[in-house]
Each structure stands twice: as structure tokens, then as C-alpha cells.
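# Chain and residue survey
Okay, here's what each chain looks like letter by letter:
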Amino acid sequence: MEVIQNEAKSRFEMHVEGGVAVLDYRLRPGEIVLAYAGVPSELQGHGLGGQIVQAGLDYARANALKVIPTCSFVASYIQRHPESWDLLAK
């Protein structure tokens, strides 16, 4: 499944089985705020949330952006993946 960046809506999207998983973000100079991750209830439990958050982290790394996670799911994902800790804004 492919994650696309919808710049017009400031979010990453994954279209699956008629539903859309999303990761809303806001760009700031040198930073990206990962504000909300959401997966439709009928699609939960298949790892889609983790995939879309990882896409946001990959985008941050590729664009030398520091990450500010304001979504509890995003913060929890980062906590469980120490390889992404260097992306966190201080």
C-alpha cells in the first residue's frame, strides 16, 4: 500500500478498501508537526497507523526536518522506535 503526500490538505494519506488513513502535519521552518494520525475503525489492527507515521518520519529525515509529535499515537510510535529519536525537536 502506498502512502501519498497530499500537500493541499497538509497530510499523508493511505487509501485502503474504500477508507483513508491519514497523518495530518504542519510545516514550520526546519520542523514538521505531526498533529494527528487516524485510521478508520474498520481498518485498525493491520499496521496502517505505523506505516503512515513511518512515511511522515521518512519525509522529515529526507528533508532535514525536526519532528514535533503532538499526536499521542505518533509520540508512542516514536518512543517504540529509537532509530527515529534523532528526529525529535529539542
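Below you will find a few notes about this structure.

## Structural notes on the pairing of strand S4 (residues 31–38)
Across seven bridges, strand S3 (residues 19–28) lies against S4 in antiparallel orientation. Following the sheet pairing, Leu 23 is matched in S4 by Ala 37. Taking the residues that link successive antiparallel strands as the turn, the S3-S4 hairpin has two residues, and the phi of Gly 30 there is positive, at about 75°. After leaving S4, the chain enters helix H1 (residues 48–62) and then returns to the sheet as strand S5 (residues 66–69), a path that is right-handed.

## Re helix H2 (residues 72–80)
Within H2, the full set of buried residues consists of Val 74, Tyr 77 and Ile 78. The buried side chains of H2 occupy one side of the element, clustering within an arc of 95° when seen end-on. Structural note: H2 exposes Ser 72 and Gln 79 on the side pointing more than 90 degrees away from its buried face. Where H2 is buried, its residues touch S3, S4, H1 and S5.

## Quick word on the side chain of Arg 11
Secondary-structure assignment places Arg 11 in strand S2 (residues 11–16). Those residues in contact with Arg 11 that sit more than four places away from it in its chain are Ile 4, Gln 5, Asn 6, Val 22, Leu 23, Asp 24 and Tyr 25.

## Considering the packing of H1 against H2
At their nearest, the axes of H1 and H2 sit 10 Å apart, and the two run at 80° to each other. With respect to H2, the element H1 is oriented roughly perpendicular. In this structure, H1 uses Gly 49, Gly 50, Val 53, Gln 54 and Leu 57 to contact H2, whose residues at the interface are Phe 73, Val 74, Tyr 77 and Ile 78. Residues of the contact of H1 with H2, tallied by class, amount to six nonpolar, three polar and no charged.

## Quick word on the pattern of salt bridges
Taken as a whole and judged by the stated rule, the model has three salt bridges. A salt bridge links Glu 31 to Arg 28, with the nearest nitrogen and oxygen atoms 3.8 Å apart. Residue class for Arg 28 comes out partly exposed when judged on its relative accessible area of 42%. Salt-bridge contacts for Asp 86 lead to Arg 61; the nearest nitrogen and oxygen are separated by 2.8 Å. Here Asp 86, found in the segment after H2, pairs with Arg 61, found in helix H1; they are 25 residues apart in sequence, far enough to count as distant. According to the relative accessible area criterion, Asp 86 is partly exposed, its value standing at 43%. A relative accessible area of 40% places Arg 61 in the partly exposed class.

Basis of the calculations
The numbers attached to residues start from 1 for each chain and follow its sequence in the written order. The model is predicted, so local features are restricted to residues of pLDDT at least 70 and side-chain atom pairs to those at 80 or more, both for listing and for counting; the totals for chains, interfaces and linings are taken over all residues. Side-chain metrics rest on all non-hydrogen atoms present in the structure, leaving aside hydrogens and water. Should DSSP find at least two bridges between two strands, the strands are regarded as paired. Only DSSP runs of H or I covering at least 4 residues are called helices, and only runs of E covering at least 2 are called strands; the numbering of each starts at the N terminus. Looking down the strands as they point away from the viewer, one classifies a crossover as right-handed if the path from the first strand across the helix to the second runs clockwise. Partly exposed describes any residue whose relative accessible area lies between the buried limit of under 20% and the exposed limit of over 50%, with all areas from a 1.4 Å probe on protein chains only and scaled to the type maximum. What the arc covers is the set of directions going from the helix axis to the C-beta atoms. Residues count as neighbours in contact if any of their non-hydrogen atoms are within 4.5 Å of one another. Between the N-to-C directions of two axes lies an angle of 0 to 180 degrees, each axis being a line fitted to C-alpha atoms and, for a helix, fitted only over the stretch in contact. Should an angle lie under 35 degrees it is considered roughly parallel, over 145 roughly antiparallel, and from 65 to 115 roughly perpendicular; all remaining angles are considered oblique. Nonpolar residues are Ala, Val, Leu, Ile, Met, Phe, Trp, Tyr, Cys and Pro. Charged residues are Asp, Glu, Lys and Arg, and all others, Gly as well, are polar. Just to be clear on terms, a salt bridge is a Lys or Arg side-chain nitrogen sitting within 4 Å of an Asp or Glu carboxyl oxygen.

All quantities given are derived from atomic positions and should not be read as evidence of function.
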